[in-house]
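# Commentary on secondary and tertiary structure
In case you want the letters, here they are:
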Amino acid sequence: MLNVPSQSFPAPSSQQRAASGGRSKVPLKQGRSLMDWIRLTKSGKDLTGLKGRLIEVTEEELKKHNTKNDCWICIRGLVYNVSPYMEYHPGGEDELMRAAGSDGTDLFDQVHRWVNYESMLRECLVGRMAVKPAVPKDCREEKKVLNGMLPKSQVTGMLAKESPVSPSYDWFQTDSSVTIVIYTKQKDINLESVIVDHQFDTFRAETIIKDYSYLVHVGLSHEIQEDFSVRVVKNVGKIEIVLKKKENTSWECLGRPLENHNLLILKKDTGLYYRKCQLISKETVTHDVKFFCLMLPRSTHLQVPVGQHVYLKLTITGTEIVKPYTPVPDSLFSEFKEPVLPNNKYIYFLIKIYPAGLFTPQLDHLQIGDFVSVSSPEGNFKISQFQELEDFFLLAAGTGFTPMVKVLNYALNNVPSLRKVKLMFFNKTEDDIIWRSQLEKLSFKDKRFDVEFVLSAPTSEWNGKTGYISSGLLSEFLKRSSDRSKVLICVCGPMPFTEQGIRVLHDLNFSKDEVHSFTG
Ligand code: FAD
Ligand code: NAD
């Protein structure tokens with residue numbers, strides 16, 4: 001077994017960490033941007049030193065390549081020569097060197113499981129490990145059992161002790177429909193708990209249960225229509241997916257099992273699944289923020305839970321680039337109800353366009369009708385954090401406002417114990433404030449809600465609060481409605497903002513349980 005060091009990757013101070021959650025980055029050398037890297041990979045230069053040959057790499061061989069000029073790293077069984085990439089890595093050389101000559105899968109997953117290394121490092125591929133590194137064997141196997149439960153041993157063998165009881169599924173049919181029933185054996189499921197996609201004959205229903213994912217994944221035996229319905233029977237933890245047959249024939253079986261079918265596996269061990277969504281509209285919000293509306297395919301059921309984000313994927317000069325974004329409702333005033341089809345077919349984003357950025361200018365160049373790939377949701381915010389909540393404080397900076405929109409909306413509409421919600425919104429200038437008039441209207445309309453704007457680079461006309469996040473600004477703002485009131489404080493913005501915010505909150509004696517930071 002390859003031995004992977006367990007230290008945090010990247011280091012807390014590294015620029016890659018800043019890159020994943022914030023904009024403060026240590027500049028790379030001139031000519032070493034991600035775009036320059038993409039150009040180099042397309043130049044036809046031999047980046048592995050093996051002239052395009054792929055080899056089988058033994059552990060002994062891998063270990064030998066552990067210097068900056070000769071650095072091989074294994075990720076999920078594939079070995080890359082990352083030396084040519086060193087100077088282009090946003091996290092810096094030291095960060096990559098932590099995994100030099102070893103299996104970097106765990107280190108990689110800790111921070112950016114979502115980064116498309118396969119695409120980014122394609123030209124650096126040396127070959128495959130001769131002995132496969134630590135991928136649980138069961139996860140890769142196709143299971144032959146359909147229309148029934150797997151033997152318990154196959155399901156639970158790879159799970160941790162605290163794993164939920166394994167779900168099972170069944171199916172039945174009428175002349176015109178096929179109903180797939182997933183028995184989750186959980187009470188707290190809802191329409192967000194299941195994500196359904198079908199494309200051609202492939203059907204995929206992923207049920208999220210805590211940190212686990214249960215998949216019904218089959219190549220259907222017969223054709224079905226594009227749309228289908230999903231119903232959740234909460235009190236018994238049952239999910240019903242009703243598919244419409246294309247022809248009224250009787251099906252002998254549901255289909256053939258595909259990868260990870262009928263398995264309960266840790267979410268972190270599954271890859272991200274993407275579907276193509278169409279750009280429906282793009283509107284200007286501020287001088288650099290735009291409101292994007294994407295439409296999910298009819299053959300997808302997906303609702304992004306409160307506090308979670310998705311990944312958008314575009315192919316830029318032949319390389320797949322992925323970045324995280326947080327969906328928002330279409331306005332601050334959207335009543336927070338469980339969306340009913342077909343309204344939940346749209347997914348909205350507030351996205352800041354960075355002229356010198358890699359991804360957002362490409363996104364901005366998309367025409368109405370073009371497609372973007374959207375992943376399934378991720379994130380560690382838990383609705384249970386709202387239980388008995390009385391005082392809710394939101395500290396947002398710039399586009400760090402985006403995760404606040406849904407949590408704010410949810411709290412105001414679904415938390416009966418709530419007494420007040422206060423947003424402190426940090427921006428550089430007045431022109432940068434997203435949805436300012438909506439926020440002001442909401443505070444007028446709902447007496448529990450208050451908003452305060454703080455500017456770090458105001459004009460001389462500004463007579464509101466100024467500066468960066470500090471205890472001076474927060475101590476008064478974060479007053480509890482009573483000594484023992486239940487408090488939650490959400491923080492999101494550039495990484496230095498979030499880190500500074502957390503330090504201040506600690507100094508002000510708020511406990512870890514009372515603070516949630518959105519960092520991705
Ligand atoms: P990048 O290429 O990352 O560049 C951004 C800026 O940094 C540019 O000005 C560029 O010149 C500069 N820069 C890049 N690299 C360096 C470097 N090495 N040194 C110095 N400067 C550098 N953003 C939103 O707008 N809306 C959202 O809803 C949203 N949700 C998010 C959710 C999560 C969980 C996370 C982690 C981030 C979220 N973001 C969101 C940020 C988003 O993921 C991207 O980081 C952002 O859109 C910038 O991407 P880009 O590729 O266009 O820019
Ligand atoms: P920005 O550069 O416009 O800055 C907004 C405000 O952040 C500033 O006015 C200031 O008050 C504060 N700030 C900036 N740098 C600071 C520093 N060094 N120390 C203390 N405070 C500082 O912000 P932006 O360009 O809109 O960037 C928003 C950031 O939020 C991005 O980095 C993005 O990745 C992040 N984001 C994260 C998530 C998430 O993790 N879920 C979601 C959305 C956005």
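Residues numbered from 1 in each chain as written. Chains lettered and ligands numbered in written order. Predicted model: local features only at pLDDT ≥ 70, side-chain atom pairs only at ≥ 80, totals over all residues. Heavy atoms only, no water.

### Some words on the overall build of the protein chain
Of regular secondary structure, the protein chain possesses 13 helices and 29 strands. Residue burial in the protein chain is summarised as follows: out of 520 residues, 53% are buried. Look at the contacts in the protein chain between residues 6 or more apart in sequence, and 74% of them connect residues 24 or more apart. In the structure as shown, the protein chain presents an accessible area of about 25000 Å², 50% of it carried by carbon and sulfur atoms. (Helix = DSSP H or I, 4+ residues; strand = E, 2+ residues; numbered from the N terminus. Buried < 20%, exposed > 50% of the residue type's maximum accessible area, 1.4 Å probe, protein only. Contact = heavy atoms within 4.5 Å. Areas by Shrake-Rupley, 256 points an atom, 1.4 Å probe, with all protein chains shown as cover.)

### Considerations on the packing of aromatic side chains
Taken as a whole and judged by the stated rule, the model has 16 aromatic pairs. Judged by centre distance (5.9 Å) and plane angle (90°), the ring pair of Tyr80 and Tyr117 falls under edge-to-face. Taken together, the residues Tyr80 in strand S4 (residues 78–81) and Tyr117 in helix H6 (residues 117–120) connect sequence positions 37 residues apart. Tyr117 shares its class with Tyr80; the two are buried. Ring pairs connect the aromatic residues Phe291, Tyr348, Phe401, Phe425, Trp435 and Phe453, which therefore count as one cluster. A cation over an aromatic ring shows up here: Lys422 above the ring of Phe477, its NZ or CZ 4.6 Å from the ring centre. (Phe/Tyr/Trp six-rings, centres within 6.5 Å; stacked < 30°, edge-to-face > 60°. Lys NZ or Arg CZ within 6 Å of the ring centre and 35° of its normal.)

### A word on the nonpolar core
Of all hydrophobic cores here, the largest spans 48 residues; its most connected members are Trp37, Leu121, Leu294, Leu312, Phe349 and Leu363. Top contributing element to this core by residue count: helix H2 (residues 34–41), with five residues. When sequence neighbours within four positions are dropped, the list of residues in contact with Leu121 reads Trp37, Tyr80, Val82 and Tyr85. (Core = buried A, V, L, I, M, F, W, Y, C linked by side-chain atoms within 4.5 Å.)

### Re the layout of surface pockets
To locate leftover empty space, one rolls a probe as large as a water molecule over the atoms. In this structure, the second largest pocket occupies an estimated 250 Å³ of space. Where the lining of the second largest pocket is concerned, the elements lending two or more residues are strand S9 (194–199) and strand S16 (274–284). Residue composition of the lining of the second largest pocket, grouped by class: four nonpolar, four polar and four charged. (1 Å grid on protein atoms, 1.4 Å probe; cavity = no way out; pocket = protein on both sides within 12 Å on 5 of 7 lines; lining within 4 Å. Points joined across faces, edges and corners; volume = space filled by probe spheres on them. Nonpolar A, V, L, I, M, F, W, Y, C, P; charged D, E, K, R; others polar.)

### With respect to the confidence of the model for the protein chain
For the protein chain, per-residue confidence averages 86 on the pLDDT scale, and residues scoring 70 or more make up 86% of the total. The model gives residues 1–24 a pLDDT under 50, and that stretch makes 66 contacts with residues more than four places away or in other chains. This model gives residues 133–159 a pLDDT under 50, and the stretch forms 56 contacts once residues within four places in sequence are excluded. (pLDDT = per-residue confidence, 0-100.)

### Focus: the sheet that holds strand S13 (residues 238–245)
Strands sit in the order S7-S8-S13-S12 across an open sheet of four strands; the sheet is antiparallel. This sheet does not close on itself; its edge strands, each paired only once, are strand S7 (168–173) and strand S12 (224–233). Taken pair by pair, the neighbouring strands of this sheet meet at an average axis angle of 20°, ignoring direction. Note that S7 and strand S8 (residues 177–183) share six bridges and pair antiparallel. Across the sheet, the residue bridging to Tyr169 is Ile182, located in S8. (Pairing = 2+ DSSP bridges. Axes fitted to C-alpha atoms, helices over the stretch in contact; angles between N-to-C directions.)

### Let's talk about the environment of Phe392
One can find Phe392 in strand S24 (residues 391–397). By relative accessible area, Phe392 is classed as buried at 0%. With 96 residues separating them along the chain, Phe392 and Leu488 place their C-alpha atoms 5.1 Å apart. Sequence-distant contacts of Phe392, that is, excluding residues within four places in its chain, are made with Phe386, Val407, Leu408, Ala411, Leu418, Lys420, Val421, Lys422, Leu488 and Cys490.

### Quick word on helix H11 (residues 436–445)
Since there are 3.6 residues in each turn of an α-helix, residues three or four apart along the chain are aligned in direction. Within H11, burial applies to Gln438, Leu439, Leu442 and Ser443. The buried side chains of H11 occupy one side of the element, clustering within an arc of 135° when seen end-on. In H11, the exposed residues that point more than 90 degrees away from the buried face are Lys441, Phe444 and Lys445. Tucked into the core, H11 has its buried residues touching helix H10 (402–414), strand S25 (420–427) and strand S26 (449–455). (Arc of directions from axis to C-beta.)

### So, the sheet that holds S25
The strand order across the open sheet built from six strands is S27-S26-S25-S24-S28-S29, with neighbouring strands paired in parallel fashion. Looking at strand neighbours, the two that pair on one side only are strand S27 (465–466) and strand S29 (515–517), the edges of this open sheet. Here seven bridges tie S25 to S26, and the two strands are oriented parallel to one another. Pairing of Val421 across the sheet is with Phe449, part of S26. Taken strand by strand, H11 contacts S25 and S26, and its axis lies near 145° from that of S26.

### Notes on the side chain of Asp432
If you trace the backbone, Asp432 turns up in the loop between S25 and H11. In this structure, Asp432 is buried with no salt-bridge partner, the nearest side chain bearing the opposite charge being Lys428 at 5.1 Å. (Lys, Arg positive; Asp, Glu negative; His and termini not counted. Salt bridge = Lys/Arg side-chain N within 4 Å of Asp/Glu carboxyl O.)

### A closer look at the pairing of strand S28 (residues 487–492)
Note on strand geometry: in a regular strand, side chains alternate between the two faces of the sheet. In terms of burial, S28 is a largely internal element, six of the six residues being buried. Residues Val487, Ile489 and Val491 of S28 are buried on one face, and the alternating residues Leu488, Cys490 and Cys492, pointing to the opposite face, are buried as well. Judged from the six bridges that link them, S24 and S28 form a sheet pairing that is parallel. The residue bridging Ala396 from the neighbouring strand is Cys492, located in S28. As paired strands, S28 and S29 are joined by three bridges and run parallel to one another. Residue pairing for S29: Ile489 is matched across the bridge by Val515. Crossover S28 to S29 through helix H13 (residues 495–507) is right-handed. (Right-handed = clockwise from strand over helix to strand, strands pointing away.)

### Overview of unusual backbone geometry
The backbone of Lys185 sits at a positive phi, close to 60°, despite the residue not being glycine. Looking at the element boundaries, Lys185 is found in the loop between S8 and S9. Relative accessible area serves as the criterion here: at 41%, Lys185 is assigned to the partly exposed category. One non-glycine residue, Lys210, lies in positive phi territory at about 55°. Tracing the backbone shows Lys210 in the loop between strand S10 (202–209) and strand S11 (212–220).

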